[in-house]
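# Summary of structural features
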There are 2 protein chains.
Amino acid sequence: MQFTTTKISLVNAVNTVQKAVSTKTTLPILEGILFEAIDNDIYLMGTDMEIGIRTKLSGNVYREGKVVLSAKLISELSRKLPDDEVKIELKENNKTLISCKNSEFNIQGEAGEDFPKMPEVVGEKNALIPKELFRSLIKETIFSVAKSDNIPILTGELLEISDGEFKIVALDGYRLALRKAKTEPDIEIKEVIPERTMMEIYRLLSMKEEDVYLSATKNQVLFTIGETSMVSNLLQGEYINYKQIIPSNSTTKIKVNTQELLSSCERAALMVRDGKNNLIKMNFSDSVLEILSNSDLGNLHESIDVDMTGDPLKIAFNCNYFIDALKAVSEEEINLEFTTSVSPCVIKPVDGDYFTYLILPVRYIEH
Amino acid sequence: MQFTTTKISLVNAVNTVQKAVSTKTTLPILEGILFEAIDNDIYLMGTDMEIGIRTKLSGNVYREGKVVLSAKLISELSRKLPDDEVKIELKENNKTLISCKNSEFNIQGEAGEDFPKMPEVVGEKNALIPKELFRSLIKETIFSVAKSDNIPILTGELLEISDGEFKIVALDGYRLALRKAKTEPDIEIKEVIPERTMMEIYRLLSMKEEDVYLSATKNQVLFTIGETSMVSNLLQGEYINYKQIIPSNSTTKIKVNTQELLSSCERAALMVRDGKNNLIKMNFSDSVLEILSNSDLGNLHESIDVDMTGDPLKIAFNCNYFIDALKAVSEEEINLEFTTSVSPCVIKPVDGDYFTYLILPVRYIEH
């Protein structure tokens, strides 16, 4: 293997695939990146056997071949190289010479043949998803993915395309986040993608210009972004029927300024954050929302003017759930809908229904 | 105690004094900030008994008094307040009401009378030091302060003013950093200031506009920056006679581009950083500097063109010491001076002598 490229291309390609490289593994070769020159193309690949990322590196191939180089070393080294042409040449016994201007590195590689292959995913179900839309849908839902794996299917996000709607859903038993957008009407996809895969695709998208092409089989999903592709396993099993959970009617309906409510919740959180349930209380009456929190540190009282229809209500929440949901909303105003003090709160846009956040209340005993 | 101020003034004043507040202490009151209203002035103070910082908070006093409030809580709380007027009022039993717009916090304080007093430092020796000069002199020397306290005096920086020269010196037994600047001719000061105090004054200076007024007694130093003052203990004992350590002549003299040498050292460091002595080798001959490093990871060879007079030389160093010193230099080119492969290297400006970095070589056995 022998090829030339530039420092900046090398840095970018290494950054792209490094996200899939194992940091803790019992298989040391997975701590490396596979460099592969075939015909006149150069490919880099990293995998931890859960996800795999492969990208093309622009350059000129003088001799085909492949080698695995330490991801940590090649990442640091490439960033420190002079901003110039880089020549990479495979020598005997997987020793690799990297030269750039007046610097010559000889590093010990491992046999390219020993590196796992990137799985072939020839999807039966395909969809093109606009980059910015996909990024925002991930960002605005992923915080609701279950942190514990008591119910394994909840450690992923449901990606559902049907009836011309593209939806992402996450729920953890205490709250639910749902975002949707219009899409092509003739595609049907319903897959549960692990949280980490969604995080990595989110990060990859922030580095790339192109939209995402998604292709899924029964067990795996392939994301293609320009010259970069990422393969991941899917979570197996039936996702919870989330539509059943979302209440369809309400007895108390509030319209409130998002930022004002968020700031109040953040202040209330200061008092209770080190506590067990992060409990803050909300009292709605006479178009005023009072927020109360107290602990050994002291107590807080906030009041916010709101538009209110329906019955007065006293209810309590884990403040962090409210803060997460409100941070994900970019609308200036939102609607909150309630039925009773032991039923979930639904957060919706004032117009339309492109997002739904649902938060279960905390039962508490009034002193 | 009752006063009003603004959110932004409160945030700034808390930030200023918080640097002195203890995070780990057996005396819980030291985790707090003293709020004190006297006449029409408001002061905040934090101390960990090693250093103390006191600053004035602009506002209007309605009732004198004092209270100690949790630094962590008041810092987070003040940042989360609406950008508006803030009212702070001491109630019964050190309970304190903080109100801002529609937010009301009741927090439990502690008695202001129990907080330690700020020591009075009426200095016999005084100097005015320009802010930017002081900042750069600290930044460009402090990395050479001894990390271990085997020789306690070396855990501080020598601040010496004599003969119209202002000098800061740090040395740790392996390297020395010396920066100097012109100053008023009639001041004589020689004090050893703990590293942490220097770090804190450096940080304080980055927040303030004013120059520093320094006032020292035998045991303590007072820095005054506008309405903020900081008191610190001094290190006791005689500082090492650093002038004796710096060689006055050389047999090999090199002029080299600073950035080029730094980049080469940083690349060489990649190979040996996880090793014991971080050893890189330098070979000077025929106006070329070769840098070599090797480890299990591989080996590196760099060559840099240099201006050279005197004898060829092979010498080895801890690369981190070279990197630290080169990062502190803003000159495009520097001089390196050597005598033998077991004698220190001296780094100097091409013109003048406003900085001196000295690095001891590492002995090594040629394979």
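Computed from a predicted structure; not experimentally measured. (Residues numbered from 1 in each chain as written. Chains lettered and ligands numbered in written order. Predicted model: local features only at pLDDT ≥ 70, side-chain atom pairs only at ≥ 80, totals over all residues. Heavy atoms only, no water.)

## Concerning the overall build of chain A
Condition: By definition, any uninterrupted DSSP run of H or I lasting at least four residues is a helix, any uninterrupted run of E lasting at least two residues is a strand, and each is numbered from the N terminus. For every residue, the accessible area (1.4 Å probe, protein chains only) is compared with the maximum for its type, and the residue is labelled buried under 20%, exposed over 50%, or partly exposed between those bounds. Residues count as neighbours in contact if any of their non-hydrogen atoms are within 4.5 Å of one another. Method for areas: the Shrake-Rupley scheme with a 1.4 Å probe, in which residue coverage is limited to the protein chains shown.
Within chain A, the regular secondary structure consists of six helices and 27 strands. Overall size of chain A, expressed as C-alpha extent along the three principal axes, is 80 × 50 × 35 Å. A total of 367 residues make up chain A; the buried ones form 55% of that total. In chain A, 67% of the contacts between residues at least 6 apart in sequence involve partners at least 24 apart. Working note: accessible area of chain A is about 16700 Å², and carbon and sulfur atoms make up 46% of it.

## Points about the sheet that holds strand β20 (residues 279-285) of chain B
What counts is decided by this rule: When DSSP finds two or more bridges between two strands, those strands count as paired. Fitted lines through C-alpha atoms give the axes, limited to the stretch in contact for helices. The angle between two N-to-C directions lies from 0 to 180 degrees.
With antiparallel pairing, nine strands are arranged side by side in an open sheet as β5(A)-β1(A)-β7(A)-β8(A)-β9(A)-β22(B)-β21(B)-β20(B)-β24(B). The open sheet has two edge strands with one neighbour each: β5 (60-63) of chain A together with β24 (313-318) of chain B. On average, each strand axis in the sheet is inclined to that of its neighbour by 15°, with strand direction left out of account. Direction of pairing for strand β7 (residues 85-90) of chain A relative to strand β8 (residues 95-100) of chain A: antiparallel, over a ladder of four bridges. Residue pairing in the sheet places I88 of chain A in a bridge with I98 of chain A of β8 of chain A.

## Some details on unusual backbone geometry
For N94 of chain A, which is not a glycine, the phi torsion comes out positive at approximately 65°. Within the fold, N94 of chain A resides in the loop between β7 and β8. Even without a glycine there, the phi angle at S287 of chain B is positive, about 60°.

## Quick notes on empty space enclosed by the protein
Residues and elements named next belong to chain B. The line we're drawing: Whether a set of points on the 1 Å grid over the protein atoms alone is a cavity depends on a 1.4 Å probe fitting there but being unable to get out, while an open set qualifies as a pocket with protein on both sides within 12 Å along at least five of seven lines; lining residues are those with an atom within 4 Å of a point. Grid points are joined across faces, edges and corners, and a volume is the space filled by probe spheres set on the points. When residues are grouped by polarity, Ala, Val, Leu, Ile, Met, Phe, Trp, Tyr, Cys and Pro land in nonpolar, Asp, Glu, Lys and Arg in charged, and all others, Gly among them, in polar.
Under the definition given, this model contains one cavity of 30 Å³ or more. Considering only enclosed or pocket space, the largest cavity measures out at about 50 Å³ in volume. What lines the largest cavity is P247, N249, S250, E337, F338, T339, P344 and V346. Among the residues forming the lining of the largest cavity, the class breakdown is four nonpolar, three polar and one charged.

## Observations concerning the layout of surface pockets
Residues and elements named next belong to chain B. Space inside the largest pocket adds up to approximately 410 Å³. Lining the largest pocket are 23 residues, and of these E31, S70, A71, K72 and L73 sit closest to its centre. Put simply, the parts of the chain that give the lining of the largest pocket at least two residues each are β6 (65-70) and α2 (71-80). Grouping the constituent residues of the lining of the largest pocket by class yields nine nonpolar, seven polar and seven charged.

## So, the interface of chain B and chain A
Applicable threshold: Put simply, buried area is how much 1.4 Å-probe accessible surface two parts lose in total, over both of them, once they are put together. Definition used for salt bridges: Asp or Glu carboxyl oxygen within 4 Å of a side-chain nitrogen of Lys or Arg. What qualifies as a polar contact is a pair of N or O atoms within 3.5 Å, subject to a donor-acceptor requirement within protein and to the restriction that residues adjacent in sequence count only when both atoms come from side chains.
On the side of chain A, 28 residues touch chain B, which itself brings 28 residues to the contact. Between chain B and chain A lies a buried interface of about 2500 Å² when both sides are counted; carbon and sulfur atoms form 49% of it. Considering only the side of chain B, the residues that lose the most area to chain A are K80, R267 and L270 of chain B, jointly responsible for 23% of the buried surface there. On the surface where chain B and chain A come into contact, there are two salt bridges. Across the salt bridge formed by K80 of chain A and E266 of chain B, the nearest N and O atoms sit 3.6 Å from each other. Summed over the shared surface of chain B and chain A, the result is 14 residue pairs in polar contact (both at pLDDT 80 or more). Contributing elements (two or more residues each) for the side of chain B that touches chain A: α2, β9 (103-108), α6 (258-272) and β22 (298-305) of chain B. Residue composition of the side of chain B that touches chain A, by class: ten nonpolar, eight polar and ten charged. Pairing of strand β9 (residues 103-108) of chain A with β22 of chain B, which is carried by five bridges, proceeds in the antiparallel orientation.

## Considering the pattern of salt bridges
Residue and element names in this part refer to chain A. Taken as a whole and assessed by the stated rule, the structure comprises 41 salt bridges over all chains. One salt bridge connects E165 with K167, and the closest N-O pair in it is separated by 3.8 Å. Judged by its relative accessible area of 22%, E165 is partly exposed. Look at the salt bridges and you will find they share partners, linking D48, R196, E200 and R203 into a network.

## So, the environment of Q220 of chain A
Residue and element names in this part refer to chain A. Tracing the backbone shows Q220 in strand β17 (residues 220-225). By relative accessible area, Q220 is classed as buried at 19%. The sequence separation of Q220 and V121 amounts to 99 residues, and the corresponding C-alpha distance is 7.0 Å. Reaching out from Q220, the side chain makes a polar contact with the side chain of N233 at a distance of 3.2 Å.

## Overview of the relation of the copies chain B and chain A
The condition is simple: The superposition of copies rests on a least-squares fit of C-alpha positions from residues with pLDDT of 70 or more in both.
When chain B is fitted onto chain A, the two copies agree to an RMSD of 0.0 Å after a turn of 180° and an axial shift of 0.0 Å. Look at the turn and shift together and you get a two-fold axis relating the two. When the interface residues of chain B are mapped onto chain A, 100% of them again fall at the interface, so both copies present the same face.

## A few points about the environment of E184 of chain B
Residue and element names in this part refer to chain B. Structurally, E184 is set in the loop between β14 (175-182) and β15 (189-194). By relative accessible area, E184 is classed as partly exposed at 39%. Along the backbone, E184 and F166 are 18 residues apart, and their C-alpha atoms lie at a distance of 8.7 Å. Every residue in contact with E184, bar those within four places of it in the chain, is listed here: L128 and G164.

## Some words on the UniProt feature "domain: DNA polymerase III beta sliding clamp N-terminal" (unreviewed entry) in chain A
The test is simple: UniProt positions are given in the numbering used here, feature names are shortened, and annotations may be inferred rather than shown by experiment.
The UniProt record marks residues 1-119 of chain A with the feature "domain: DNA polymerase III beta sliding clamp N-terminal" (unreviewed entry), using the residue numbering of this structure. The annotated region residues 1-119 of chain A carries 18% helix and 47% strand content, and the separation between its end C-alpha atoms amounts to 23 Å.

## A word on the domain arrangement of chain A
All names here are of chain A. Quick note on the threshold: In this entry, domain limits derive from an automatic or database-based domain assignment.
As far as domains go, chain A holds domain 1 (2-114), domain 2 (125-243) and domain 3 (247-359). Taken over C-alpha atoms, the centre of domain 1 sits 30 Å from the centre of domain 2. Counting residues at the interface gives 14 residues for domain 1 and 14 residues for domain 2. Summing the contributions of domain 1 and of domain 2, the shared interface buries around 1100 Å²; its carbon and sulfur component is 48%. On the domain 1 side of the interface with domain 2, the three residues burying the most area are T16, K19 and I51, jointly 44% of the side's total. Between D48 and R196 there is a salt bridge whose closest N-O contact spans 2.4 Å.

## A short note on the pairing of β6 of chain B
Residue and element names in this part refer to chain B. In this sheet, β6 lies alongside strand β2 (residues 32-38) in antiparallel orientation, the contact comprising six bridges. Bridge pairing in β6 links G32 to S70. Of the strand pairs in this sheet, β6 and strand β10 (residues 110-111) are connected by two bridges, and their pairing is antiparallel. Bridged to V68 within β10 is E110.

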